[in-house]
Each structure stands twice: as structure tokens, then as C-alpha cells.
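Remarks on the overall topology
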Protein chains: 2
Amino acid sequence: MKSTRASFGINRRVLLTTAATLSVLPALAVFKRAQAQTGPLQSWNDGPAKQAILDFVRATTDPNSPHFVRPEERIATFDQDGTLWVEHPMYSQMIYCIDRVPELAARKPELKHVEPFKTVLSGDRQAMARFTQQDLEKIIVATLTGMTTDAFDAEVKAWLATAKDPRWKRPFTDLTYQPMQEAMRYLRASGYKTFIVTGFGQDFVRVYSQQIYGIPPEQVIGSALAVKFAYAKDGKPILIKEPKLMLNDDYAGKPEGIHLMIGRRPVAAFGNSTGDQQMLEYTKAGDGLRLSMIVLHDDAEREYAYGPAEGLPDTKVGTFTQALYDEAKKDGWTVISMKNDWKRVFAFE
Amino acid sequence: MKSTRASFGINRRVLLTTAATLSVLPALAVFKRAQAQTGPLQSWNDGPAKQAILDFVRATTDPNSPHFVRPEERIATFDQDGTLWVEHPMYSQMIYCIDRVPELAARKPELKHVEPFKTVLSGDRQAMARFTQQDLEKIIVATLTGMTTDAFDAEVKAWLATAKDPRWKRPFTDLTYQPMQEAMRYLRASGYKTFIVTGFGQDFVRVYSQQIYGIPPEQVIGSALAVKFAYAKDGKPILIKEPKLMLNDDYAGKPEGIHLMIGRRPVAAFGNSTGDQQMLEYTKAGDGLRLSMIVLHDDAEREYAYGPAEGLPDTKVGTFTQALYDEAKKDGWTVISMKNDWKRVFAFE
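Calculation criteria
- Residues numbered from 1 in each chain as written.
- Chains lettered and ligands numbered in written order.
- Predicted model: local features only at pLDDT ≥ 70, side-chain atom pairs only at ≥ 80, totals over all residues.
- Heavy atoms only, no water.
- Pairing = 2+ DSSP bridges.
- Helix = DSSP H or I, 4+ residues; strand = E, 2+ residues; numbered from the N terminus.
- Axes fitted to C-alpha atoms, helices over the stretch in contact; angles between N-to-C directions.
- Contact = heavy atoms within 4.5 Å.
- pLDDT = per-residue confidence, 0-100.
- Parallel < 35°, antiparallel > 145°, perpendicular 65-115°, else oblique.
- Left-handed = near helix turned anticlockwise from the far one by under 90°.
- Nonpolar A, V, L, I, M, F, W, Y, C, P; charged D, E, K, R; others polar.
- Buried < 20%, exposed > 50% of the residue type's maximum accessible area, 1.4 Å probe, protein only.
- Least-squares fit on C-alpha atoms with pLDDT ≥ 70 in both.
- Buried area = accessible area lost by both parts, 1.4 Å probe.
- Salt bridge = Lys/Arg side-chain N within 4 Å of Asp/Glu carboxyl O.

On to the sheet that holds strand E7 (residues 334-337) of chain B. Residues and elements named next belong to chain B. Overall, mixed pairing links the 7 strands, which are arranged E4-E3-E2-E1-E5-E6-E7 in an open sheet. With one partner strand each, in any of the chains shown, strand E4 (237-247) and E7 form the two edges of the open sheet. Averaged over all pairs of adjacent strands, the angle between their axes in this sheet comes to 35°, without regard to strand direction. Both strand E3 (residues 220-231) and E4 contribute to a ladder of 7 bridges, which runs antiparallel. From the neighbouring strand, Tyr-231 faces E4, where its bridge partner is Pro-237. Here helix H9 (residues 178-189) sits on the sheet and contacts strand E1 (75-78), strand E2 (193-201), strand E5 (268-271) and E7; the angle it forms with E1, its principal contact strand, is near 165°.

This part covers the confidence of the model for chain A. If pLDDT is low for a region, its predicted coordinates should not be looked at in detail. Per-residue confidence for chain A gives a mean pLDDT of 88, with 86% of residues at or over 70. Taken together, the stretch residues 1-28 of chain A has pLDDT below 50 and engages in 30 contacts with residues farther than four places along the chain or on a different chain.

For any two helices packed against each other, one specifies the inter-axial angle together with the distance between the axes. Residues and elements named next belong to chain A. Running from amino to carboxyl end, helix H9 (residues 149-162) crosses helix H11 (residues 202-213) at an angle of 60°, the nearest separation of the two axes being 10 Å. In terms of their interaxial angle, H9 and H11 are classed as oblique. Of the two elements, H9 crosses H11, and the hand of that crossing is right-handed. Here Phe-152, Asp-153, Val-156, Lys-157, Trp-159 and Leu-160 of H9 lie close against H11, whose contacting residues are Asp-203, Phe-204, Val-207 and Tyr-208. Split by residue class, the contact of H9 with H11 holds 7 nonpolar, no polar and 3 charged.

This part covers the pairing of E2(B). Regular strands show a simple pattern: their side chains alternate between the two faces of the sheet. Residue and element names in this part refer to chain B. Burial of E2 is extensive: 8 of the 9 residues sit out of reach of the surface. Two strands pair when backbone bridges link them, and E1 and E2 are joined in this way by 4 bridges, in the parallel orientation. Opposite Thr-77, over in E2, you have Phe-195 as the bridge partner. Judged from the 4 bridges that link them, E2 and E3 form a sheet pairing that is parallel. Residue pairing in the sheet places Ile-196 in a bridge with Val-220 of E3.

With that settled, consider the relation of the copies chain B and chain A. Of the transformation placing chain B onto chain A, the axial shift is 0.0 Å and the rotation is 180°, giving an RMSD of 0.4 Å. Given the turn and translation reported, the copies of this chain are related as if by a two-fold rotation axis. The C-alpha atom lying nearest the rotation axis in chain B is that of Met261(B); the distance is 3.1 Å. When the interface residues of chain B are mapped onto chain A, 100% of them are again interface residues, pointing to one common binding face.

The next point concerns the interface of chain B and chain A. Taken together, the contact between chain B and chain A spans 38 residues of the former and 38 residues of the latter. Here chain B and chain A share an interface that buries about 3200 Å² over both sides, 57% of which is from carbon and sulfur atoms. The largest per-residue losses of area from chain B upon contact with chain A belong to Glu218(B), His259(B) and Leu260(B), which jointly make up 20% of the total buried on that side. The tally of links from chain B across to chain A stands at 6 salt bridges.

The next thing to look at is the pattern of salt bridges. Inspection of every chain in the model, using the stated rule, returns 32 salt bridges over all chains. Among the ionic pairs, Lys50(A) bridges to Asp46(A), the shortest N-O distance being 3.2 Å. Judged by its relative accessible area of 15%, Lys50(A) falls in the buried class. Of the charged contacts, one joins Asp79(B) and Lys254(B) as a salt bridge, the two residues approaching to 2.9 Å between their closest N and O atoms. Placement of Asp79(B) in the loop between E1 and helix H4 (92-107) and of Lys254(B) in helix H11 (residues 253-261) is noted, with a sequence separation of 175 residues between them. Judged by its relative accessible area of 5%, Asp79(B) is buried.

Here it is in C-alpha cells:
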């Protein structure tokens, strides 16, 4: 990896030399020891990734720094699946959609004889693994539209309360990465506004974002289906989820969605796949100091290992291609090695 | 672009009214500055409107109140034109679009011979007053799209620095209503997050929202044209404004836009016209105590008088119809009489 300090334009040696001349150095040493025990990124191992975050926050929040960013400009964006929580072997929202099919078929029995619903109802996972993109879209549209926004929220809440990840046998909301939770908290404590920018559905993530990430719904940007304003039979205004895609918040759609929803360029961005490439590029290309970080899933033991970087096999979920890895190295993004940079992956460990 | 007109709230009568008004400007009345007072709403006269705001804030922020609203749920939305600043006789963004035409024609000389640009360049306001909706759409699309988002921001900033309202001879940004500024500040001081929800272009309002209203860009929702991610010749990522409507943020589009951008129902909403009706209904229909307020322009001396309520003549700018007035009374919205409830209209008075 390219030197972190070089990519941030910070000469660490100059900083250290300056520090050595200060009479407060003993106090600084005490502070550093204290920070090692109670610091902001406890689940991170010391190394270039942790240092990149610490250096970036210091440089952008110190009023005397040439890289100071005014508080109202401190925008940090985070991909969700594979960056904030487990995305393997299948995105949790896709599992949600599949889990909704039996109830849907009970209300619409004609679906029992129509693909891909017939296969879902058969429980044949091998057949489901062969679903095309069109099959998946049919399931998504059928299970995510046609109800009020309030009914949708209630359905997602009920599912989250009982659904469990097959490997850890825990609620999906337990499977957030503790080091990323700490990074978000540290950024917020430093005046950054944290946003989720997900390729999956924003209505889904908004149901639990406050509780799980401390991020309010209005700071969740994701792929969005349209809603239609209408009056219920009792005259009350309602919003109905429609089968019309308003925002495809993935790849180039991420910076486009960021412009639509935030209206300015992030100062820091975190991702883990080609779906985040344009967001990371857009962030890094801004004026002044910028932080683009990308999570490499290289820890088959504690989580999963996938992506071709480091010779790992490619998969369809969360593709971290060799080309993306090369771009990260070339453009000064910081690669987070789950295996090397994270002391702990989950809070429950 | 059939729906562009609706999204930007444009009606050809806007220009008719403008042409009639620009030539005969009433003299600026001089008013005594209100005596200094204590309390959060100093530019409001004591009365039902001021009391409604005070009572609402007290009831929703006192932890012992049955109407207490948790801080993270405190969402207040404000229409802009006619609610936060002057919309008469023409929306400032439409003036911006018309003002952009000469520079556009300098870059694209072929437009000099094409309507409606030819008429705009002639300065013939009577002819402009006869523009069709299609003419206005052509001007909007030509002046608001095709540039990068950064270039657009710079153009709007430059225009705001020099453009002046024809009646007050002041920058448009001076023409915000002081009582509404105080209401927003009071709500924010009480833990409310304030959002602008405008039928006009969100990219336009976001340029000045922080400076003028203390509202950051990400809390401005408005009609939105799509942007397209691309790479400039130097390889840098850019966003280009496209002639494609993403969000028509007016009428039913306001609650739809609120869902897209905020993801939850406001607790308080402020508007002034039928374009705000669904937002006010949607807000008021939520559980618990809700505040829906609507500004009645009944002060021809200090600002303008329009709308049929109280026997005032109707206009097509910011239509406050009799039906809307009746709904407000029936459903417990609070009508703000500019004449009776506002001690002072502008900060510069």
C-alpha cells in the first residue's frame, strides 16, 4: 500500500519533529497512552487503515490545519452491504423479499403457479441460486410494492425481529462490523454527518438505521421506488409504494443519488465493491483533503473471503475486482483488510 | 417534459402579472421598527398564530407533556415561495431563468432567431406575457440543464449577488419574512430539524439555503432534474444537469418528496397555497399533536394581497383558494394573517 501520510499530504515526520520541540510532550505521551486504552477506534489494530482515519479526522477538524473543513461541510458516506454489515452469501433485503413470498402467495394464490414464485415456494435453494436478474426483480417488485409505507415499515420490523442469519444464528442487525460502527461514531463525535448510501432499498434500511447505526432515516440514501400520495377510504392521506424505480443508487447512481439527497460532495466515503467505485472517485476528486476507504473481505475465518484481490476468488456478491484494487492503490484510497486491520469483527465476539 | 411546468409551479399568468407590475411600482412604505421585546417570536403580534406556535412547541418538547415528541422525530417542513420569502409577482427562479437567456444566446447564437428566446432577448414584456407553457419549459430546460452542478452553483451565486427585486430594489435574499425566520430559529432551538419543501428547483434553493435560512442543502427538498455522472476531459468525475425530471415536488409531490428525502412524516408544516395542501394534510393526519400553518397574503401595503380568502382577488401565483381556506378552518390548520399576525415583514424594515 502507498503511504497513507503521503496520500493525505501530511508529512508525519514534520509533525513528529514539531511535537518533539513542544514542552507539552510528556503530557502528549500520557494522552497517547490513554488513547490506546480508551481511544475512538478500539476494535482496529494499529496500522495504515486506522492511522488513515485518525490522520484524516485530525487534519480536517483542527482549525489550524491547512486541511480544516468547516463543520457544515463534514459529510461522510458509507455503503451498507459488505461495508457496514455482512452481505454474504446473500443481501439481507433479498432474503427479506424471498421470505415474504409465502404470505404474498397466500393473498394472491395465482402466484403459486408462476415463476419465479413457484420455485421460491418449493424451497429448492439450488434452483433459486440460478435465478436471473429478471427473476429477482419480479420478486422485489412483488414483495416491496402495493402496500402503504406504514404497512411496509411494520412488515420489515416484524421480519427483523425474528429472521436470523444462517451462519451466526443471530438477527441480521447483530451482524454489523464493530470497527465501522466505531469509525462512524468517531466521525460523528468529530462533527461529521454520517450518511448511508446503499444500492439496496432506502425504505428498508431506514426502518432500522437509527437503532442500528445511529443514523436517522433522512440520512439514508438508497435505491428508491416511487410512492404515490392517495386518500384511504377513511379520507386519511397515505403513501403507496409503487413499482416504479426513482433512483438506482448503485455505481454511477451513487454520486447521482448523493447529489439528489445531500446536494454536495462527501469529504469521506467508505465502500467495498465496484458498486461504490464512482462514489469513492467522486469523493476523492473534491478539493482539499479527502478520504476514500474500501473494505477488503479477506477473512474467511471470522467472516468471508471473496474478491480477486490477493488472489481470492471472485463472487457475484460485493465484487471487489482487481481493477478496483489497482485503482485504489493508484488513487490513494485506503484498503481496509478485514483480516489485518480489524481486531474484532462483531460486537458479540 | 410535459410535467416540467407543474414541477416548477410556472403558469403563463405569472409573466402576465409580472409585466403589469414591473412598470408601475408602488412606493416603498416606511414603517416604524417594532419595539424591542423579549421572547422567541418578536416580529409576531400576540394572537392565535403566535400562540399556536408557542403552544405546539411547549406541548411537543416538554417531557411531561402527553404530546411529547422525541427529539429525533421533530421534523418541521416549510414551503419556500410565499411562505419564507416573496413570490409575487413572479418566482425568483423564473426571473433567474429569463435573466440567463442573453448569456445562453451568446454561447448559442442560433437561439437568437428561435422563440421563445427571441422574444426574451427583445425585452418585450407584453410579448413575454403571452408565452405558452411550452415556451416557459423551453426556457427552463435551456437555462437549467447541460452544465455541471458546480457551474450551475457558480451561476446562481453570481446572479444572486447582483439581481434585485423590482419593488424593493434589494437582493431577493433580503426578501425573506422575518417572522418565519424567527419561527424556524425557535423550532430549531427546540430540537426541531427544519426542512424546505419547495415546488421550485432544489438545486437553486440549495445554493443559498444555509446562508439565508440556516438550512443546509441536504435539508432542502424541491423539484429535481436528474444529474448524470461522467468524467471530464481531465478524467475528473463530474455531474451534468440533465433535462429529465426526477421529482415533481408540488401538490401530491410534496408528501412524496418528503418520503423520498426524509422518510418520515413531519410533525409541523408551513405553506401558503394549494401546492402545499397535501403536505399540510399529510402532516396533520399523523398521530399525536401536529401543526399545520398556512400564510395568507392579505397585506397589500407591506407586501401583497392575493387569494380569494377574505374577499381578495385570486391570482395564479401562490393560489390560496376559498376551498383551501375552508379546509384549513375545518381541519384545524392555523391561518397566518400577514397583516394581523406579523408586526414586521422584513428584517430591513
